[in-house]
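# Examination of the molecular architecture
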Amino acid sequence: MNDFAHVDKLEQLHRTLDATEQPPEASEDEREHPSGGWGSAKAVGSILFQERAMRHVGVLLHQNKPKGFACVSCSWAKPGKPHPLEVCENGVKATAWELTTRRATPAFFAEHTVTELKTWGDHELEEVGRLTEPMRWDKHTDTYQPVSWEDAFAEIGAELKLMPPKSTVFYTSGRASLETSYMYQLLARMYGHNNLPDSSNMCHETTSTALPESVGVGVGTVLLEDFDKADCILFFGQNPGVNSPRMLHPLQEARKRGVPIITFNPLRERGLVNFVNPQSPAEMLGDNPTWISTQYHQVMPGGDVAALMGLCKCLLETDDAAKQDGTEGVLDDAFIAEHCHGYTEFAATVRQTTWDSIERESGLTRAALQDAAEVYAQAKAVIGVYGMGLTQHRHGTDNVQMLCNLLLLRGNMGKPGAGICPVRGHSNVQGQRTVGITEKPELAPLDQLAKQFGFEPPRDKGMATVDVCEAVLKGDIRAFVSLGGNFIRAIPETDRMEAAWPSIRLTVQISTRLNRAHLIHGDVAYILPCIGRTEKDIQASGPQCVAMEDSTGCMHGSWGQVAPAAPTLRSEPAIIAGIAKALLPRNPKLDWDAWVADYSKIRAAISESLPEIFHDLSDRMWQPGGFRRPMPVADRVWKTKTGKANFLVPKSLTVDPDTPAYGPDILRLFTVRSDGQFNTTIYTIEDRFRNVVDTRRVLLMNAADIVRLGFKDGDLVDASTVVTDGQLRRVSGLRVMTYDVPPGSVAGYFPECNPLIPLWHHAETSKVPAAKSIPIRLAATAPAHAPIH
Ligand SMILES: Nc1nc2c(c(=O)[nH]1)N[C@H]1C(S)=C(S)[C@@H](COP(=O)(O)OP(=O)(O)OC[C@H]3O[C@@H](n4cnc5c(=O)[nH]c(N)nc54)[C@H](O)[C@@H]3O)O[C@H]1N2
Ligand SMILES: Nc1nc2c(c(=O)[nH]1)N[C@H]1C(S)=C(S)[C@@H](COP(=O)(O)OP(=O)(O)OC[C@H]3O[C@@H](n4cnc5c(=O)[nH]c(N)nc54)[C@H](O)[C@@H]3O)O[C@H]1N2
Ligand SMILES: [Mo]
């Protein structure tokens, strides 16, 4: 029974813990190398040098600023009053990557066959530089050869016309602007399909399926300013130091106000441990990093449903005890009574769940969970932040809904300083779903599109990422058009998918830099190079700007700043219009050329299609901090089937309903990103936060597991997936490295470990590949199979 007897002591600890005082368990390495700081400054300098982009350094002043450009890296909120440099180390890397002076010219392609390029690594391919001209694969020489834009469009249009539209796929990676995305979904629907998978199918699709059932919206409910009002922040499976570093500023401010930050993550991530603001001279010169997490719980990967169940159980037990004593409980009874549905059933499940099962599945002790619950119960406004650590699991939906349940217990929804905060990935991934990039017809404004453009949009469900992969394996896909991204490298089951891919007749990649998706191609294959968001986009009516939606549902404008990498490049809207004109019959209600000449006409069409969200888009997108999409949760209006916020009972506490139980020799692999990458783009091999230096082919393992399994640090091992579907999935030559992860778990890098993920191993409702709990077994690598690097 927990009566919060030592709450005072804890309270005192958290309120008085000066933000610069280190938590007791910090390792020597963590004390010496905070995130941010000089390491960050050095990394910024070296990427600009590596990409020979020093002459563009001034452009950084315009990043994430009014009248500047929206960063091409992550989608974190852009403040109304920006810092002098509203950028982070990884934002600079992404900008430098786009502004590189290196070029992948026709001469380069003439010198290297595709077969040869397939032997190159991800870093080497992208490092060739920006693509400059449209290219077509030539069967006889096995090289990409230049082709004119007009021929490329005509040939792509002619190919597509011969195919049943529903046998083709139009993929989008989350960087494309609102304007581009809107045109692209219209092109797909006018041609005749809803096969619009996007990167969010591998990412926050779990959010889009889980949150509407819980609270009635598919996106996060907090604004940046809520971080100033929160008095406790919970962090589940998101790594801000690497993946959304500008978020460290509000977190640092919160810590300075004494706000406790409680982290659940199997791996001690540097950015969640401590931070030196590289933009603060005082901090850079001093010796006082801000210690971010006040509690750090190294949950087993996949153990969050159990951990969250434990937190809820602590709250219920405390509340029961208080009410027995006639004192005030810790649940927000009034909120639950007025605003929630399903509490009784949920509470019964929580009470029935045993501490044994909670401790076993979460890998955390009851005492540790009580520590966290006590701090949570004291706070008046709490934000629950999460990322891929919750979404990329077989039970990802349960993970997200359990976090909602915990927040609902104390009314932490729809009030200032409180709510749920999924940290989205790509810079406009949220926005492109909002304007209709979705395989689910009910999420796109089809009736309105039909009226606006005088056509009959297809009404049947299209294919999302995993469906597309299954269809490719069956040989059912005729064409794959890709608006950005590196699909073949980002998806699971790499080996089988690469073998099946050439069954596709036509592949079209609209890209900025060379990647593996250009090399695993169809019989007829095109690379169409486009200008990036940092670059000036001049069209017939003059320079053009574009719009995006950030992680907090705010829309922003963005102006390109520098001359395009090559005069031969076209903008994404111009490329889509080129294909559309070659493919579709003329439509008096849609003048593609007029849209390309003046993007405000595309925005006007978006405003007309989705007036509630986007009315007056062209004007409002310049509002400082962006304009917010309507957010009913903020007014405690719940657009769910019950009309209330729903407590939802998870199906089980176990990680994987249908993979074999984790035995003594079976480890749980979770794949993560390094400081030196943006998804499949590998800027540098080094991961300076995790001290991984000369290879990404590593497995970060618990010291006791290494000994137990008969290995030693530095050994090379083969990892194979332990499932019973008869497929062999193996990655060879991974270097064992001792790391502070829970026994039984192991971390490896995405995308190197993707061949280990079975295609069917995805979240149950959202179909997001379960990249964070893959059952694997290790064996020593035979010397003949050791890789070169
Ligand atoms: N620099 C940089 N920025 C990026 C990206 C990039 O690659 N590089 N990618 C962008 C994209 S598309 C996305 S989606 C986001 C991704 O950003 P994140 O959501 O931060 O994604 P990951 O790094 O994959 O994993 C997040 C964290 O989850 C932890 N974790 C793993 N398994 C579990 C678990 O079972 N439970 C819990 N509680 N934690 C777990 C990992 O240790 C890791 O710290 O970042 C975006 N921003
Ligand atoms: N094992 C494992 N697998 C994962 C994940 C994981 O955590 N673990 N994460 C998943 C997630 S969250 C995501 S979002 C996906 C990422 O999947 P994708 O979004 O498909 O992949 P990216 O690596 O972001 O795509 C990089 C390429 O985009 C192109 N590009 C860059 N900028 C532009 C531009 O402005 N316009 C155009 N047209 N092209 C551009 C460049 O050619 C570059 O090579 O991967 C998923 N896969
Ligand atoms: Mo993502």
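Per an unreviewed UniProt entry, the protein carries the name Formate dehydrogenase H and comes from Amantichitinum ursilacus. As its UniProt record puts it under Sequence similarities (unreviewed entry), the protein is described as follows: "Belongs to the prokaryotic molybdopterin-containing oxidoreductase family."

## Side note on the overall build of the protein
Tallying secondary structure elements over the protein gives 33 helices and 31 strands in all. Over its C-alpha trace the protein gives a radius of gyration of 25 Å, about what one expects of a compact globule, namely 28 Å for 789 residues. For the C-alpha atoms alone, the extent of the protein along its principal axes is close to 80 × 65 × 55 Å. Pairs at least 24 residues apart make up 80% of the contacts formed inside the protein by residues separated by at least 6 positions.

## Quick word on the site of ligand 2
Close contacts around ligand 2 come from 33 residues, with E126, Y171, N515, E572 and T680 the closest. The side chain of E572 places a nitrogen or oxygen atom 2.7 Å from a nitrogen atom of ligand 2. Note that an oxygen atom of ligand 2 is positioned 2.6 Å from one of the side-chain N or O atoms of T680. Summarising the interface, the protein chains cover 95% of the accessible area of ligand 2, which totals 940 Å² for the free molecule. Partitioning the shell around ligand 2 into residue classes produces twelve nonpolar, 15 polar and six charged. When residues of the shell around ligand 2 are assigned to domains, at least three fall in each of domain 2 (117–200 + 429–531 + 569–596) and domain 3 (666–785).

## Digging into the nonpolar core
The tendency in soluble globular proteins is for nonpolar side chains to be buried as a group. The biggest cluster of nonpolar side chains holds 65 residues, and the ones touching the most others in it are L160, Y182, F453, L528, W592, W595 and F614. Of the residues forming this core, the biggest block, nine residues, is contributed by helix α9 (residues 178–191). Ranked by size, the runner-up nonpolar core spans 58 residues in total, among them V215, F264, A307 and M309.

## Let's talk about the UniProt feature "domain: Molybdopterin dinucleotide-binding" (unreviewed entry) in the protein
Those residues carrying the UniProt feature "domain: Molybdopterin dinucleotide-binding" (unreviewed entry) are residues 667–774 in this numbering. The span residues 667–774 is 6% helical and 32% strand by assignment, and the distance between its end C-alpha atoms comes to 8 Å.

## Some words on the sheet that holds strand β11 (residues 295–297)
Sheets are built from strands paired through backbone hydrogen bonds, the pairs being either parallel or antiparallel. What the five strands build is an open sheet, ordered β11-β8-β7-β13-β14; its pairing is parallel. On the outer flanks of this sheet lie β11 and β14 (419–422), each paired with one strand and no other. For this sheet, the mean inter-axis angle between neighbouring strands, taken without regard to orientation, is 15°. Of the pairings in the sheet, the one linking strand β7 (residues 232–236) to strand β13 (residues 382–386) comprises five bridges and is parallel in character. Across the sheet, F235 pairs through a bridge with V385, a residue of β13. Along the sheet, helix α22 (residues 396–409) makes contact with β7, β13 and β14, crossing β13 at roughly 170°.

## Comments concerning α9
Here α9 spans 20 Å end to end across 14 residues, near enough to the 20 Å set by a 1.5 Å rise per residue. Taking burial as the measure, the 14 residues of α9 include 14 buried ones, the bulk of the element. G192 sits one or two residues past α9 and shows a positive phi near 135°.

## Observations concerning the sheet that holds strand β24 (residues 667–672)
As summarised here, the arrangement of the six strands in space is β24-β30-β27-β29-β28-β31, forming a closed barrel in which the pairing is mixed. Averaged over all pairs of adjacent strands, the angle between strand axes in this sheet comes to 45°, irrespective of strand direction. The pairing of β24 with strand β30 (residues 745–749) spans five bridges and is classified as parallel. Each residue of the ladder has a partner; that of R668, found in β30, is S745.

## Focus on the site of ligand 1
Neighbouring ligand 1 are 30 residues; E269, G302, D304, Q677 and N679 lie closest to it. Taking G237, its main chain carries an N or O atom lying 3.4 Å from a nitrogen atom of ligand 1. Here F264 contributes a backbone N or O atom positioned 2.9 Å from a nitrogen atom of ligand 1. Contact with the protein chains removes 99% of the 910 Å² of surface that ligand 1 exposes when unbound. Sorting the residues of the shell around ligand 1 by element identifies α12 (240–243), α21 (388–391), β24 and β25 (677–678) as the ones contributing at least two each. A class-by-class count of the residues in the shell around ligand 1 yields twelve nonpolar, 14 polar and four charged. Residue assignment places the shell around ligand 1 across two domains, with domain 1 (7–32 + 206–422) and domain 3 (666–785) each supplying three or more.

## Some details on the packing of aromatic side chains
Overall, the coordinates contain 21 aromatic pairs when judged by the stated rule. Judged by centre distance (5.9 Å) and plane angle (70°), the ring pair of F108 and W120 falls under edge-to-face. Placement of the pair is F108 in helix α5 (residues 106–111) and W120 in the loop between α6 (114–117) and α7 (122–127), with a sequence separation of twelve residues. In this structure F108 comes out as buried when scored by relative accessible area, which is 11%. Judged by centre distance (5.8 Å) and plane angle (70°), the rings of W592 and W595 are edge-to-face. Taken together, the residues span about one helical turn, with W592 and W595 both in helix α29 (residues 592–597) at a distance of three residues. By relative accessible area, which is 8% here, W592 ends up buried. Taken together, F108, F109, W120 and Y144 form an aromatic cluster joined through their ring pairs.

## Quick word on the pattern of salt bridges
Within this structure, the stated rule accounts for 42 salt bridges. Its salt-bridge partner being K93, residue E89 comes within 3.1 Å of it at the nearest N-O pair. Highlighted residues: E89 and K93, both in helix α4 (residues 89–99), separated by four residues, approximately one helical turn. Take E89: its relative accessible area is 8%, and that puts it in the buried class. Residue class for K93 comes out buried when judged on its relative accessible area of 3%. Here E498 makes a salt bridge to R516, at a shortest N to O gap of 2.7 Å. On the criterion of sequence distance, the pair formed by E498 in helix α27 (residues 494–500) and R516 in the loop between β16 (506–511) and β17 (524–529) is long-range, its members being 18 residues apart. Note on E498: relative accessible area 16%, which makes it buried. Classification of R516 as buried rests on a relative accessible area of 13%. Linked by salt bridges that have partners in common, D198, E205, R433, E439 and K440 make up one network.

Definitions and limits used
- Residues numbered from 1 in each chain as written.
- Chains lettered and ligands numbered in written order.
- Predicted model: local features only at pLDDT ≥ 70, side-chain atom pairs only at ≥ 80, totals over all residues.
- Heavy atoms only, no water.
- UniProt positions renumbered as here; feature names shortened; annotations may be inferred.
- Helix = DSSP H or I, 4+ residues; strand = E, 2+ residues; numbered from the N terminus.
- Rg over C-alpha atoms; globule rule 2.2 N^0.38 Å.
- Contact = heavy atoms within 4.5 Å.
- Near = heavy atom within 4 Å.
- Polar contact = N/O pair within 3.5 Å; in protein donor to acceptor, adjacent residues only side chain to side chain.
- Areas by Shrake-Rupley, 256 points an atom, 1.4 Å probe, with all protein chains shown as cover.
- Nonpolar A, V, L, I, M, F, W, Y, C, P; charged D, E, K, R; others polar.
- Domains from an automatic or database assignment.
- Core = buried A, V, L, I, M, F, W, Y, C linked by side-chain atoms within 4.5 Å.
- Buried < 20%, exposed > 50% of the residue type's maximum accessible area, 1.4 Å probe, protein only.
- Pairing = 2+ DSSP bridges.
- Axes fitted to C-alpha atoms, helices over the stretch in contact; angles between N-to-C directions.
- Expected span 1.5 Å × (residues − 1).
- Phe/Tyr/Trp six-rings, centres within 6.5 Å; stacked < 30°, edge-to-face > 60°.
- Salt bridge = Lys/Arg side-chain N within 4 Å of Asp/Glu carboxyl O.

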